[in-house]
Number of protein chains: 2
Amino acid sequence: MEIIVLKEVITTVDFAAKKHRDQRRKDKHSSPYINHPIGVALNVINVGQYYDVATVQAALLHDTVEDTDCTEEEIRKEFGSEVASIVMDVTDDKSLSKVDRKKFQVSHAPHIQDKSKIVKMADKLYNLSDIIKNAPPSWSLLTIQGYFVWGKKVCDGLRGVNASLEEALDQLFQSNVIF
Amino acid sequence: MEIIVLKEVITTVDFAAKKHRDQRRKDKHSSPYINHPIGVALNVINVGQYYDVATVQAALLHDTVEDTDCTEEEIRKEFGSEVASIVMDVTDDKSLSKVDRKKFQVSHAPHIQDKSKIVKMADKLYNLSDIIKNAPPSWSLLTIQGYFVWGKKVCDGLRGVNASLEEALDQLFQSNVIF
Ligand SMILES: [Mn+2]
Ligand SMILES: [Mn+2]
C-alpha cells in the first residue's frame, strides 16, 4: 500500500509540474504555478486532515485541464475516473465569459461531489491566503474586496463536508481584509 | 501508514517547492527548478523501483541545502536525521572551487550510504537525459562531452546498489552523445 501511495503521488506531482512548466503565478515573485497545486494538496492534508489519495491527486491536478493542454481523457487514462471526475468538478468551462464562469462557480458549488468540495475549499483557502500575503501587483483593494466577496459566495455552497477547512476559511473571511 | 506517507511526501514537496521558488533551470524553457527534484524522485521510483519514503523525500530535497538558504539543521528538524544525512551525502561543499567540487564528487561517490547512491544516480540520470533533450543554450558540444565524461566517473563510484538505475545510465553513456 505504501508503495502504491508513493508511486501515485510522485507520478501525479511530476505530471502536474510538467503540464504547468511554462506557467507562473500572478504574485510579485512570479512563482512557479506548480507551487499552487502542491499547496492546495497540502491544505487538503494539513488543514482538512483529509487523507484520501484520489483527493490529494485531484488537488495536485486541479488546474491542469483548465489552464494547460491537458484533457479530461488524459487525466482519466493516467489516474483513473474518480480523479478525473473530481478534477472536472472544479474545472471552469472556458467557453463561458469570465463573469459567467464566476457566477457558475457559485451556482455549481453545492452540486459537486464531497471530495471535489474539499479540493475546492483547499483551493480557495490557498488563493485567499495568498492574496492577503502576496496579492498580484496589479490588483487594487477593490479587486481584492470583490474577490473575497465572490470567494465567500462559492464557499457558502461548499459547506457541510469538512469543518476544519470551513473554519480556516471563516477566519479569513472575518479577517480585516474585507471592508 | 498510507496517511503518513501521503502527509510526508506532500509536506516534503511543498517545502522543496517553496525553497526553490525563485530558481529556474538552465534549460531553454527556464523551467521551474522544482521540476528537477520531482523528476529525480520519480526516477528513484520508476527507474530504480525503489520505494523507500526517506529516499524519495531526500530526492525531493536533494538540492535544497546546496542551492537555497536551507540548512542541514532545518532538514533534520523537519524530516529527521536519516533524510538529512542522505541530503548531506549528495550536497556539494560550496567552499570548494567548482573544479574541486567536481573532483570531490568523483572521489566521494563510493563512500556514501546506499540510499544516497540511489538518489545520486537518479539525479545524474535526470541531468544527463535532460542535457540530451534540452541542453542549456549556452553549452557547446565540448561542454556536453565533458559533462558526460565527468558524470560517468561519478556514476562508476555508485555501482552495486541498484541494477536498474545503472542500466539506464549505461544506456545513456553508450548513446551517441559521447564522441
Ligand atoms: Mn487553483
Ligand atoms: Mn540535482
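These numbers come from a predicted model, not from an experiment.

### Things to note about the nonpolar core
Ranked by internal contacts, the top residues of the largest apolar core, which has 106 residues, are Ile75(A) and Ile75(B). Here Ile75(A) is in contact with Phe15(A), Leu61(A), Thr64(A), Val65(A), Cys70(A), Gly80(A), Val83(A), Ala84(A) and Val87(A), once residues within four sequence places are set aside.

### Brief notes about the relation of the copies chain A and chain B
Under the fitted operation, chain A is carried onto chain B by 0.0 Å of movement along the axis and a turn of 180°, and the coordinates agree to an RMSD of 0.0 Å. Look at the turn and shift together and you get a two-fold axis relating the two. Interface overlap between copies: 100% of the residues of chain A at the interface are likewise at the interface in chain B, consistent with a symmetric, same-surface contact.

### With respect to the environment of Val13(B)
When you line up the elements, Val13(B) lands in helix α1 (residues 2–19). For Val13(B), a relative accessible area of 2% gives the class buried. For Val13(B) and Asp156(B), which are 143 residues apart along the polypeptide, the C-alpha to C-alpha distance reads 29 Å. If sequence neighbours within four positions are ignored, Val13(B) has contacts with Val13(A), Ile38(A), Ile34(B), Ile38(B) and Leu60(B).

### Focus on the coordination of the manganese ion (ligand 2)
A four-donor tetrahedral metal ideally has 109.5 degree angles, and a six-donor octahedral metal ideally has angles of 90 or 180 degrees. Residue and element names in this part refer to chain B. Around the manganese ion (ligand 2), the protein contributes the donor atoms His36 (NE2), His62 (NE2), Asp63 (OD) and Asp123 (OD), which lie 2.2 to 2.4 Å from the metal centre. Of note, the donors binding the manganese ion (ligand 2) are all from one chain and are spaced H-x25-H-D-x59-D. One end of the pair, Asp63, is in the loop between α3 (53–61) and α4 (64–67); the other, Asp123, is in helix α8 (residues 114–134), and 60 residues separate them in sequence. Per residue, the accessibility class of Asp63 equals that of Asp123, and both read buried.

### Section: the coordination of the manganese ion (ligand 1)
Residues and elements named next belong to chain A. Those protein atoms acting as donors to the manganese ion (ligand 1) are His36 (NE2), His62 (NE2), Asp63 (OD) and Asp123 (OD), and they sit at 2.2 to 2.4 Å. In terms of primary sequence, the donors binding the manganese ion (ligand 1) are separated according to H-x25-H-D-x59-D. A residue pair is termed long-range when its members are at least 10 positions apart, and His62 in the loop between α3 (53–61) and α4 (64–67) and Asp123 in helix α8 (residues 114–134) qualify at 61 residues. With respect to class, His62 is no different from Asp123; both count as buried.

About the thresholds
- Residues numbered from 1 in each chain as written.
- Chains lettered and ligands numbered in written order.
- Predicted model: local features only at pLDDT ≥ 70, side-chain atom pairs only at ≥ 80, totals over all residues.
- Heavy atoms only, no water.
- Core = buried A, V, L, I, M, F, W, Y, C linked by side-chain atoms within 4.5 Å.
- Buried < 20%, exposed > 50% of the residue type's maximum accessible area, 1.4 Å probe, protein only.
- Contact = heavy atoms within 4.5 Å.
- Least-squares fit on C-alpha atoms with pLDDT ≥ 70 in both.
- Helix = DSSP H or I, 4+ residues; strand = E, 2+ residues; numbered from the N terminus.
- Donors = N, O, S within 2.8 Å, 3.2 Å for Na, K, Ca; no water.

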